[in-house]
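So you can see what is in the structure, the chains are spelled out below.
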Amino acid sequence: MMLTKSEKQIMDLLWSVDRPLSCSEIVELSGDKTWKDSYVHSLIKSLMKKDVVKIEAFELISRSYARKFMPKVSKEQYCLHEYLEENPENSAVKLFAAYADDYANADEMKEIEAIIKKWKKEQG
């Protein structure tokens, strides 16, 4: 699921706004980018093929409908997948252990414990 630089920029935008966006809204919110609608449509099509973006809604604009898009994966899921794809000898367990050793605090560890308990309960 490797993304190009432009695809990653679109995903970063979609992750940051937390609401469905149309291609024209993506162009508007892209700031200093000089992307055209057609280019954004191509990027979205590619992101849909990579299964990281989905159509979330349709909105009537003028006399036609615009598709609105949302990420199918969280930024965290994407980052973990990319890390493991680039470092197949590592595991999520090793990554978590490194995080716990260097960055986690007591509140985060309590949250992680709650996530593990919930997962165990759901697994039966």
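Caption draft 1: Inspection of the nonpolar core at higher detail. Core analysis: the biggest nonpolar cluster contains 19 residues, and Ile-10, Met-11, Ile-26, Ile-44 and Leu-47 have the highest contact counts within it. At the level of elements, helix 1 (5–17), helix 2 (23–29) and helix 3 (37–49) are the ones that each hand at least two residues to this core. In terms of residues, this core owes the most to one element, helix 1, which gives 5 residues. Beyond its immediate stretch of four places on either side in the chain, Met-11 contacts Leu-3, Leu-47, Val-52, Val-53 and Pro-71.

Caption draft 2: Structural context of the packing of helix 1 against helix 3. Across the interface, helix 1 lies against helix 3 with an axial gap of 10 Å and an inter-helix angle of 85°. Our classification of the angle between helix 1 and helix 3 gives roughly perpendicular. Along the contact surface, helix 1 presents Ser-6, Glu-7, Ile-10 and Met-11, while helix 3 presents Tyr-39, Val-40, Leu-43, Ile-44, Ser-46 and Leu-47.

Caption draft 3: How the structure looks around the pattern of salt bridges. Within the structure shown, the criterion is met by 9 salt bridges. The salt bridge partner of Asp-12 is Lys-8, with a shortest N-O separation of 3.0 Å. Here Asp-12 pairs with Lys-8, and both are found in helix 1, just 4 residues apart, close to one helical turn. Taking the relative accessible area as the measure of exposure, Lys-8 reaches 25% and is therefore partly exposed. Taking the shortest distance from any N to any O, the salt bridge between Glu-59 and Lys-68 comes out at 3.1 Å. Given the relative accessible area of 32%, Glu-59 is considered partly exposed. Shared partners join several salt bridges into a network, and the residues in it are Arg-19, Glu-25, Glu-59 and Lys-68.

Caption draft 4: Highlighting the environment of Gln-9. Inspection of the secondary structure assignment puts Gln-9 in helix 1. Given a relative accessible area of 25%, Gln-9 falls into the partly exposed group. Those residues within four positions of Gln-9 in sequence are excluded, and the remaining contacts are Lys-33 and Trp-35.

Caption draft 5: The arrangement of the environment of Ile-44 in detail. By the element assignment, Ile-44 lies in helix 3. Linking Ile-44 and Ala-92, residues 48 residues apart in sequence, is a C-alpha distance of 29 Å. If we ignore the near neighbours within four places in the chain, the residues touching Ile-44 are Ile-10, Cys-23, Ile-26 and Phe-69.

What counts and what doesn't
Residues numbered from 1 in each chain as written. Predicted model: local features only at pLDDT ≥ 70, side-chain atom pairs only at ≥ 80, totals over all residues. Heavy atoms only, no water. Core = buried A, V, L, I, M, F, W, Y, C linked by side-chain atoms within 4.5 Å. Buried < 20%, exposed > 50% of the residue type's maximum accessible area, 1.4 Å probe, protein only. Helix = DSSP H or I, 4+ residues; strand = E, 2+ residues; numbered from the N terminus. Contact = heavy atoms within 4.5 Å. Axes fitted to C-alpha atoms, helices over the stretch in contact; angles between N-to-C directions. Parallel < 35°, antiparallel > 145°, perpendicular 65-115°, else oblique. Salt bridge = Lys/Arg side-chain N within 4 Å of Asp/Glu carboxyl O.

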